Structure formats: C-alpha cells, structure tokens
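The primary structure of each chain is shown beneath.
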Amino acid sequence: MLDISPHLVEDGEALYLQLYRYFREEIQRGGLPSGTKLPSVRALSGFLHVSKTTVESAYHQLLAEGYIESRERSGFFVVDVDWDGPILKMPGKKQYPDVDAVRKEKERVHGITEVLPAPVRYDFHQAKVDAEHFPYERWRKYTNQCMQKENKSVLYYGDRQGEPLLREELARYLGRARGVQATPEQIVIGAGTQIMISLLGFMFGAQGQAVAMEEPGYNGVRSVFAHLGFEVRPIRLEDDGIDVEALSKSGARYVYITPSHQDPSGIVMPYAKRLKLLHWANQANGYIIEDDYDGEFRYHGRPIPSLQGLDTNGRVIYVGTFSKALLPSIRISYMVLPHELLKIYHKELIDFDQSASRIHQETLALFMKHGDWERHIRKMRTIYRKKHDAMLQLLQEQLGAHILLKGQDAGLSVTIEVASERTAIELAQIAAAEGIRVYPTSHKWMEPAQKGLPAFQFGFGGLSLEEMGEGIRLLKKAWEPYLQRH
C-alpha cells in the first residue's frame, strides 16, 4: 500500500477533515504526484484504524474539489493539479489494472463481483423536481415580457441586493405562507443557498469562530463554512431535532438548522423545540440560520410556521430557495436578515455584485405578481402528496420487513434505514448495476455512528408513479440477497 503517515487526533476536528487536509496538502506540495493511486477505502480504514465512512468522506471531498478522480473498477487517482484536462496515458505504462484481477479482488473482499453500472433507468435523487408539470407557457410569457426592447435596462447590472419588485413579492408571500416577518429591505437575493451562506460567513467573520450544525446535516453548507475557516461543531439529533442542551455546551454562537424538514433525517421540529432554540439564541447572543429549503411541501398535519416568525428579538436568519418548489436551474435563493445584521451587510458587503440573473429575477417577480407562483405551489403540493404517499406504500410493500422509515410527511424525499451487513456504498453499487441510482446519507455525517445501519434518501419528485413502482420492485430484487429482517 502507498506509504502515508497522516497524524490524526481523536479529540480534534472531525477525522475525515484531518485526512482530507493531509491528502490535499500532499497533492499540493507534490508529495503525491499526478496519476498516483490512493489506497482503497477498506485498506486505508484498516491501516489507520478508522471507519470506512471516515475515509469515504475524505475521498468524497477530494473528489468534489478536483484533487482526485474515480476510475471505474480501478479506484481513486490523483489528477494533474496544473492541468484540468484528462490525464494522458504514459507510453509503455499500463494505466489501469487488469480487469479480471480487479473483479476477483472485489469478489474476495466484498463477496460480490464488481460490475459496471448500467445506464440509469430510475434515479431517486432527493432534489429532483417534476418537470412534466412546470408551467412552461406562463414562464415563457413573462420572460418575453421582460425582454421587450422598452425594458432594455434588464440587460444592465441590477440592484445588488436583488430586484426590488421580486423582494416586494417575496416579502408578501413569505408573510402569508410561512409566517415570516420581513420587509423588502431585509431580503437579500443570490444564486443559491451556498452563496447566501458565504455572505453570512463574510458578515460573521471567520477568525476563531465556531458554527454548529445538525449531525447529520447538509454537507453543502458544511463545506462552505469549512472553506471560510469556521470550526464546524456537529450537534447530534434527538427524536425531535437538534439537541439544544448539547448546542448550549458547544460554545458556538451560530447554528445552521433545517427545522421544517431536517436534511437528511426528515424530522419536522415541533413548536416546543423551536421555542427552546430561540431561548438559546437569546441567552447566547447567538444567531440561528433557518434553512426552509422545501417548507412549501407538508402533506399531513397542519403546517408549522417558520421559526423566524416566532422570533421577537432578531435572532433568526431565514434562508429559502426556489430550487425545490419551482426549478433548480434558475439559481435563485434569498435570505431575510435581522435589522442588526442588515446594518453589517450594508456596511461590509454592499459592494458585492448581485449573483442571480436579473432576467430570471424579473421573470419570477412577474410570475409571483400575477398569482402564478401560488397556483403552481397548490398544484405541486397535490401532485407531490400523491407521489409521497405512493412512495411510502411501495417501500412498505416491497421492503417493509427490512427497512425503517425515518423521514416522511414533508419535502421531496423520504429517508430509510436498511437492515443489511453491506455498507450504504456497497448497496448503492449493487443498485447501480441494475440501472437504479440511490443516494446514501453517509457523506452528511461529520462523525458517523460506528454501528449505524446504511441509510438512504429516496426522492420522488422527478419520477412518475409508474417509474417509482418499477424502480422499487427492481431494487427489491437487486438487494434481496443482502437484506436482513429489521
């Protein structure tokens, strides 16, 4: 195996981050030249005496940042950091291991023969939306209206905080639908939630600061905070959401949460826990970042108003997006800043140019102004409720004895734990061999539970009822040899 010697500190930051930084620094300084094959997940976890999830998470981060690449049936290799094209095959050198040898090793270690993933037939991604029912004609109408010659100002830079008409419509809608207390002046628009989090990070100032996050939680936000230099402190979940007592002991002044549909567990935080969080923020002089990423979709029971709507002391930053309720490709998200933070924004960040398309902002503002947005939400809530209920029924019928449902009744996905001795990655590979793409939650943990069952988020938004049925039935056949009774 490759001769490596990372120094991992058990009581320091998350082990996967230490391992990720070790490899990153080695690649940057040339200690691991391009084309170097990294140890397999199983081999490295055994060598370092850490969990496979720790190694997988470190490799996933390196892969996401372009330091390494994954080659089918071969493993992970260092890319050429000075060249963003493909790594050329060196003359006289065999670049890929013998296919038969790789297959035999896989069969020996895992008990299954490695096969190439089949073309994707059923994709259960948790963030896919229903493209069949998007109001194409209405959207085209408002886009054309924006692009009239009389409105040529739309071709120029717009308001740095976001188009005023869109902020006005958002303030009205959020007050009615989510109980959010907002004026147009408090709303900042940007191209995606990670942009919003980046702006907040600049406002907080990362020097020596800690931010708490749900454990498990949304890795996309965690990555932003880590890159900005924050110390991310994971706070385990209780049955009703984040552990507020553990949060109080963490010493963090900022916490990022998804209370309306926790990602990835699916927990909907009850009213009493929300009040406890607000009490913590008031006592700690802290801020709560409430990401209401798919709060429009609750299928059974009464909708719970936003946490921000319960806040009377300006301690909650409300973050939302149009990626789930409308479409992800327009890249429009927003946040509602408390007045004290709004002052900091105007002082420190007002020179930052707007990152979201002005044309899309103006189109969306017209879409909302004429009532199409709320009509679309009502229609999609009905469609997604049917899909949600069908997904639950299919999972219970086909896999019920082998799974535990963890998150339901809201959003565009449900979460399950699977009774199996296989890892989540292995089960995902088995599914991929049959053309089924499923999504483990393992990368959303900073400190994974050592004995936890493999867990997956099953999205239903982008599939028809027929596709869901066919996909789940085929998945049962693929997984059946590896399942145990729950």
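Right, let's walk through the structure included here. Computed from a predicted model, the values in this text were never measured in an experiment.

The rules we used
Residues numbered from 1 in each chain as written. Predicted model: local features only at pLDDT ≥ 70, side-chain atom pairs only at ≥ 80, totals over all residues. Heavy atoms only, no water. Helix = DSSP H or I, 4+ residues; strand = E, 2+ residues; numbered from the N terminus. Pairing = 2+ DSSP bridges. Core = buried A, V, L, I, M, F, W, Y, C linked by side-chain atoms within 4.5 Å. Buried < 20%, exposed > 50% of the residue type's maximum accessible area, 1.4 Å probe, protein only. Contact = heavy atoms within 4.5 Å. Expected span 1.5 Å × (residues − 1). Axes fitted to C-alpha atoms, helices over the stretch in contact; angles between N-to-C directions. Salt bridge = Lys/Arg side-chain N within 4 Å of Asp/Glu carboxyl O.

Let's talk about unusual backbone geometry
Item 1. Backbone torsion omega between E215 and P216 reads 5°, so that peptide bond is classified as cis.
Item 2. Relative to the assigned elements, P216 resides in the loop between β5 (210-215) and α8 (219-227).
Item 3. Cis geometry is found at the peptide bond from D263 to P264, where omega equals 15°.
Item 4. Looking at the secondary structure, you find P264 in the loop between β8 (254-257) and α10 (271-284).

Comments concerning the pairing of strand β2 (residues 75-78)
Item 1. Inspection of the sheet shows strand β1 (residues 68-71) paired to β2 by four bridges, in the antiparallel sense. Considered in β2, the bridge of E69 is made with F77.
Item 2. Linkage of β1 to β2, two consecutive antiparallel strands, is achieved through a turn of three residues, within which R73 is found at a positive phi near 60°.

Details of the sheet that holds strand β16 (residues 455-459)
Item 1. Within the open sheet, the four strands sit side by side as β12-β13-β16-β15. Their pairing is antiparallel. Two strands close off the open sheet at either side, each with one partner strand: β12 (403-407) and β15 (439-440).
Item 2. Two elements, β12 and strand β13 (residues 413-418), share four bridges in a ladder whose sense is antiparallel. Residue pairing for β13: G407 is matched across the bridge by T415.

Considering the nonpolar core
Item 1. Of all hydrophobic cores here, the largest spans 68 residues; its most connected members are F124, F322, L326, V438, F456, F458 and W479.
Item 2. Among the elements that line this core, the one with the most residues is helix α13 (residues 372-399), at ten residues.
Item 3. Residues contacting W479, with those up to four places away along its chain left out, are V418, L427, I430, A431, V438, F456 and F458.
Item 4. L44, M196, I317 and V319 belong to the second largest nonpolar core, which has 52 residues in total.

Considering helix α1 (residues 15-29)
Item 1. For α1, spanning 15 residues, the distance from its first C-alpha to its last is 21 Å, which sits close to the expected 21 Å at 1.5 Å a residue.
Item 2. Most of α1 sits inside the fold, with eleven of its 15 residues counted as buried.
Item 3. Within α1 the residues assigned to the buried category are L15, Y16, L17, Q18, L19, Y20, Y22, F23, R24, E26 and I27.
Item 4. Elements in contact with the buried residues of α1: α2 (41-48), α3 (52-64), β1, β2 and α8.

Things to note about the environment of A191
Item 1. If you trace the backbone, A191 turns up in the loop between β4 (187-190) and α7 (193-204).
Item 2. The sequence separation of A191 and S357 amounts to 166 residues, and the corresponding C-alpha distance is 7.8 Å.
Item 3. The contact partners of A191, leaving out residues within four places of it in the chain, are R331, S355 and A356.

Regarding the sheet that holds strand β7 (residues 241-242)
Item 1. Taken in spatial order, the eight strands line up as β4-β11-β10-β9-β8-β5-β6-β7 in an open sheet, and their pairing is mixed. The sheet is open, and its two edges are formed by β4 and β7, each paired on a single side.
Item 2. Direction of pairing for β4 relative to strand β11 (residues 333-336): antiparallel, over a ladder of four bridges. For V188, the partnering residue across the bridge sits in β11 and is M335.
Item 3. Along the sheet, α7 makes contact with β4, β8, β9 (287-291), β10 (316-321) and β11, crossing β11 at roughly 35°.

A closer look at the pattern of salt bridges
Item 1. Under the counting rule described, the total for this entry stands at 21 salt bridges.
Item 2. Here R358 ties to E163 by a salt bridge, and the two come within 3.4 Å at their closest N and O atoms. Pair noted here: R358 is in helix α12 (residues 358-369) and E163 is in the loop between α5 (136-146) and α6 (164-178), with a separation of 195 residues, a long-range link.
Item 3. Overall, E163 belongs to the buried group, its relative accessible area being 8%.
Item 4. Residues D372 and R375 are paired through a salt bridge, measuring 3.4 Å at the closest nitrogen-oxygen approach.

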